[in-house]
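Given next are the chains, with one letter for each unit.
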Amino acid sequence: HIENEYALYMDGVSVSFDGFKAINNLSLYIKPGEMRAIIGPNGAGKTTMMDIITGKTRPDTGKVLFKNDTDLTKYDEAEVANIGVGRKFQKPSVIESLSVFENIELALKGKRSIWQSLFHALSDQDHQRIQEILELIALQDQQDALAANLSHGQKQWLEIGMLISQEPEVLLIDEPAAGMTDEETMKTAELFKRLAKKHSLVVVEHDMDFIKALDCKVTVLHEGRVLAEGSLETVQANQEVIEVYLGR
Ligand code: ADP
């Protein structure tokens, strides 16, 4: 693997908690604009892997490089976010008392205080950017609605829009389809395909219909390492993967 071909280059990473190897010589190479699904049974190390990439957990060994040479293991969570790695947790954290538009506006203005942001006139450029994001997340028609009144799926899309406003190169997304209706799940797959043109997406998910709709390369984690990698069909036919999921 040549490091500079990747948006995210994770190589030979290990971490132990009290002598237990939660991540064991894990490598993951994500290209610019690539979408990757991560699956694996509970305890496989999916969350720990995301924690390592985002600077929440420091690995004992191994490399985590962003683009050519930024060593992410030297930075904390806020710094990693600023460098260009966005993380979406399972629970949406939109501000319910604000409108859809205002939520994106706040995220776009980021570091300014909430009051400054709300009462400061928006530039034409900001306005245009917000409209682009609303279109991308298919919430143009709900832009004046209070976030509190959105469905669970719409709140998830709004939060993704808020993350996108920061223009992250890489987006890590934890179980986006959880709690969504079938229709929302399929719309989310379409949204991710639109996003993957501009961003690299790493999606941790259990819902196989959703992963099928994403139509991307799948990495199966087990005991902190890569058990199998390839198309969904390939990994589902892998004997070791079948044993891990069905038990011996
Ligand atoms: P997954 O997200 O795939 O369910 P996790 O990354 O949460 O898996 O956990 C991987 C393993 O590491 C589990 O056995 C878990 O109990 C352990 N683990 C994770 N974080 C910690 C921690 N901070 N301290 C001790 N053990 C941990």
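Predicted model only: the values in this text are computed from it and were never measured. (Residues numbered from 1 in each chain as written. Predicted model: local features only at pLDDT ≥ 70, side-chain atom pairs only at ≥ 80, totals over all residues.)

1. Brief notes about the site of the ligand
Neighbouring the ligand are the residues Phe17, Ala22, Gly40, Asn42, Gly43, Ala44, Gly45, Lys46, Thr47 and Thr48. For the shell around the ligand, the element with the most residues is helix H1 (residues 46–53), which contributes 3 residues. Across the shell around the ligand, the residue classes tally to 3 nonpolar, 6 polar and 1 charged. (Near = placed C-beta within 6 Å. Helix = DSSP H or I, 4+ residues; strand = E, 2+ residues; numbered from the N terminus. Nonpolar A, V, L, I, M, F, W, Y, C, P; charged D, E, K, R; others polar.)

2. Details of helix H6 (residues 152–164)
Between its first and last C-alpha, H6 extends 19 Å over 13 residues, near the 18 Å set by a 1.5 Å rise per residue. Counting buried positions along H6 yields 11 of 13 residues, so the element is predominantly enclosed. Turning to H6, its buried residues number three or more, namely Gln154, Lys155, Gln156, Trp157, Leu158, Glu159, Ile160, Gly161, Met162, Leu163 and Ile164. Against strand E6 (85–88), helix H3 (100–109), helix H5 (124–136), strand E7 (170–174) and helix H7 (182–195) lie the buried residues of H6. (Expected span 1.5 Å × (residues − 1). Buried ≥ 20, exposed ≤ 12 C-beta atoms within 10 Å, placed from the backbone. Contact = placed C-beta atoms within 7 Å.)

3. Examining unusual backbone geometry
Negative phi characterises most residues that are not glycine, and trans characterises most peptide bonds. Despite not being glycine, Asp18 shows a phi value in the positive range, around 50°. Checked against the element boundaries, Asp18 lands in the loop between strand E1 (8–17) and strand E2 (20–30). Accessibility expressed as a C-beta count within 10 Å gives 5 for Asp18, which makes it exposed. Notably, Glu167 is not glycine yet its phi reads approximately 50°, a positive angle. On the secondary structure map, Glu167 appears in the loop between H6 and E7. A residue is classified by how many C-beta atoms lie within 10 Å of it, and Glu167, with 12 of them, is exposed.

4. What to know about the sheet that holds strand E10 (residues 225–230)
An order of E6-E7-E8-E3-E9-E10 is seen for the 6 strands of this open sheet, with the pairing classed as mixed. At either margin of the open sheet sits one strand with a lone partner, and together these are E6 and E10. Averaged over neighbouring strand pairs, the angle between their axes works out to 20° when direction is ignored. Pairing geometry for strand E3 (residues 35–39) and strand E9 (residues 217–222), over 4 bridges, is parallel. Each residue of the ladder has a partner; that of Ala37, found in E9, is Val218. The strands that H1 touches are E3, E6, E7, strand E8 (200–204) and E9; relative to E7, the one it contacts most, it runs at about 150°. (Pairing = 2+ DSSP bridges. Axes fitted to C-alpha atoms, helices over the stretch in contact; angles between N-to-C directions.)

5. What about the nonpolar core?
Counting 67 residues, the largest nonpolar core has Leu8, Ile53, Ile104, Leu158 and Val203 as its most contacted members. Those residues within four positions of Leu8 in sequence are excluded, and the remaining contacts are Ile30, Ile53, Phe66, Val170 and Ser200. (Core = buried A, V, L, I, M, F, W, Y, C linked by C-beta atoms within 7 Å.)

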